[in-house]
Structures are given as C-alpha cells and as structure tokens.
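# A structural walkthrough
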Amino acid sequence: MKNQGNVRIGVQRRGFSLVEILIAVLILALGLLGLGAVFPVVIREQRIAQERISGSIAENNIRTYLKSSTGLGTGVEQYTYVPTGTPATSVKVVATHRGWQVLAEPWVYNTWISDLRQAFANSPNATTINAPAGPTFEFSNDALWESTWDWSGSNVVLNAFRSTGNITLSEESGVQASGDAARKGMPDSKTDAYEVIVRRYPTASLPLTFERRIAGATIPLAQRLNPSGSPEADSPQYVWDIVARRMIPAPELRRQFLSTTTTAQSLESKANRLAEQASTLQVAVFLRRVDPSIRTSTIGTEKIKLRRSFLDANLSVNDRRLPIGEEVGGGTLGGAPTLNGTDGNGGLRYSLVRQVRAEFNIPNANSNTRRDLIETPTIADDNWAFISQIGQRVVDNLGNIYTIVGSETLLGVRTLRIDPPVPASITPTDGADNLLTSPTFTVQAIRQLIFTPQVPVSVFVTEVKP
C-alpha cells in the first residue's frame, strides 16, 4: 500500500455475489442428482447379477431333481413279474406307471400297436397289414404345453395346485386295468415278457395274466422353494414351476408308419421307434421371485416364518400364504398378480404358468424377418399386458425361448418383437400342415406361447424320458 499525498491506494477485497452462490449451488445440486441417479442403477445391476447367479445354481439343482427323483419314475423298473406258488405255476405281469410315465401314457399310445400284433396272431396267413394313424394319447394330445395341470377335465389336480402349490402328476392310484385291457401296451406276451419269465423261472410254459397300476406322484411346493438350505430356508426368495408337453414323432417316421404296407416284423420295428419318440416329454421350467409384499402373521408372540406360512396346512386361512398369488375371477388362467401371496379376497390362489395361441408368419415375399410373433386376437387384454412386458421371457411349443424386446398393435393384430429371432428351421404357421392326424403334420411350426405374468428370473427347457 502506498501513500500519494492524502490519497490511500490499495486492493479492494470483496465476497461472492448472490448470483455466484446460486450458480454454485445449482451445479452442486446437479452433481448430487446425477450421483443419486447412479445408485438405483447400481442396485438394479447388483440384483440382476445376483439373480443370474441364483438362477444358474437353481437351474442345475432343478435339472438334477427332474431327472433323478425316484418319485417321478425316472429309473424305476416299469414291469415286474409276480409268481404264484412255489415253484411258480403262473405269473402276473404288473406294469406300474408313476410320475413321468403317467404323463407319457405308453400303454395308451401303444394300444393300436398291440392291436396290430394281435391282428397278426389272429390271421396267420396274413403277410401285410395297413397301420392306422396315431396318436391316440390324451395328455398333450396336440403336442402343445399343458399349462393348467387339468388334462382330465375334473379340476381335481388343478384345484389342489391352486390351493397348495403342489403339482400332482396323476390324480389316480391303484389298479387301473387287468386282463386284456392291461395287456395292451405291455411287452409282447409271446416275446419280451415270455423271455424274461423263461430266464427267471424254470418252467417255460407258465400262463400269464396282466395288471396295470398307476402310482400317484407329486412335486411338492416344499421341493420347489429356493434357497432350500439353512439358514436361508426360512425366507425363500424364489419358487420354480413346470409345464410339460408330449413330443411328436418326426413327420418322416409318421409318414413311413402310416403309408407303408409292411410285414409284422418291420411293423413292430417302426411301431417301437414311433412310440419311443412319442413318449418323450419336454418340460419347461420357470423360476420366479416370491411375491415381494407378503406379510406374515403373528401367533401369540411368535412371528410366523415365511416358509412355514407357505407349507403348514395346520395354519388358518388368514395365516396361510402362497409364494405367488393372483386375483380370483380371472377364469381358468387367472387374474392379475396380487404380489402378497393371497388371492386378494381372503383366500389363496397360486399363479399358473399361462398359455396363448400364437403364430409366426413372414409378412410378405420380400421380407425375411423372423423377429415377430403374432398373437391370436382371442387373447385377453390383461394377458397381453403381461406377455408384452419388456424383458418378458416366453417359450414356444417347440421349446424355443425368446425375450420380448417390443410390441405393437396394428389394425387389431398384436405383434411381439423377440430376441433371438425365430430359428430358420421353423416353418411359417400359415404355410404348415396343421392337421395333427395327417402323416405330413408339420412338427416345426409355432402354434403356442407359454409365459408367467411376472417376468421370471430364469427359464429353461429340458427333456425327460420315462
């Protein structure tokens, strides 16, 4: 600082102006808002990563369960031979079907094969015979997914599933048929069964009788909750559900069997190959999150554990919950998810895997797009809302899995945009032979989609062979 006469010259000090402070606050606020926006994304990505890991672990466990569980019939001896007397004077051939064997219904599909064998036996001079067209089975008779677990029409299996979450693979048990009715579909009494008896028992001329039995099999809810190990078992996060369908023999094999006049020996060979392929089941598995808004009750001073509220049948209706609830009044398929483990009306209603009719058609001769699936116009509005969710996973009737990436409705036609595209091996539905009993029935054509109202954590498809 300098003095020049009476004038003092110096540096003038000043603070921030109000405008500068406001600008600084604005910049800080924008930065905080940007930082705050990152947290939901990070949390979401962490959740997705965790679900992918959980889904992968669960998928391996589920595959093992479906293919190795004794209760489902896999690896179980289907035919047993029960001798009468010591030494044996007669033998009863008993076919016990359980689990997947019940759904495969080999005795039903093989009925016409056995009839043809019998026709040869009754006509010793015949050298050829015209084979009839199949299939004659009841479960998944059109090779589409059975989504309601009610193929008998009695609602017994469906109602049990709705109220408990337990999947029953048959609603009957005990002896179903005996005598000639039971013989159909069993090993040929003059070949397979006879040879086994000769090897097991010393008398080669034992008279045979036949009996067919069905053993009930259940995939209980307790086995489908995940995680199932301690200590997380009391608070399961996921539950898996299945639907199944019967696979149809390839058109060439059906064509051979139907149109070729054949000898008894070649007929048996073709029939066995046809029946073996037709008895294979495809299973689609959906892993879903447990409803996020479930509130359990308190009995006395004890808070009911989540797992117990799902499984303890001794609890009152008010205290019971299901992992995935949906509203009543939605018809066979059901209403909207309640997200609280109830039916929204004081009761329980388990959410089904749903199915809708669908097609894949190439729009015109100049187009080759395979990224569109067309919903039939009969689909309900709520089902359209569920299936068209971005990120939704759907499975077609051939076992292909797609992710929904978009949708549109144009002139009443509802279209789903999918990823990945429809495989090149699949024929457009409008150009396919859609008559199931035809020997040229087009197996590789899309006719149906299955999905869950909630976007699943994981979806996969596997095959089981009874």
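This write-up is about the structure you can find in this document. (Residues numbered from 1 in each chain as written. Predicted model: local features only at pLDDT ≥ 70, side-chain atom pairs only at ≥ 80, totals over all residues. Heavy atoms only, no water.)

## Side note on the sheet that holds strand S7 (residues 208-215)
Spatial strand order, S3-S4-S7-S6: four strands in an open sheet with mixed pairing. If you trace the sheet from one side to the other, it starts and ends with strand S3 (79-84) and strand S6 (174-178), each paired once. Strand-to-strand twist in this sheet, taken as the mean axis angle between neighbours without regard to direction, amounts to 30 degrees. As defined by bridge partners, S6 adjoins S7 across four bridges and the pair is classed as antiparallel. Within S7, the residue paired with Val-175 across the bridge is Arg-213. (Pairing = 2+ DSSP bridges. Helix = DSSP H or I, 4+ residues; strand = E, 2+ residues; numbered from the N terminus. Axes fitted to C-alpha atoms, helices over the stretch in contact; angles between N-to-C directions.)

## Thoughts on the pairing of strand S17 (residues 401-410)
Relative to S17, strand S16 (residues 393-396) runs antiparallel, the two sharing three bridges. From the neighbouring strand, Arg-393 faces S17, where its bridge partner is Thr-403. The antiparallel pairing of S16 with S17 creates a hairpin that spans four residues between the two strands, and Gly-399 there sits at a positive phi of about 90 degrees. By the bridge criterion, seven bridges tie S17 to strand S18 (residues 413-419) in an arrangement that is antiparallel. If you follow Thr-403 over to S18, its bridge partner there is Asp-419. Counted along the chain from S17 to the antiparallel partner S18, the turn is two residues long, and its residue Leu-411 has a positive phi close to 55 degrees.

Don't take any of this as a statement about function, it's just geometry.
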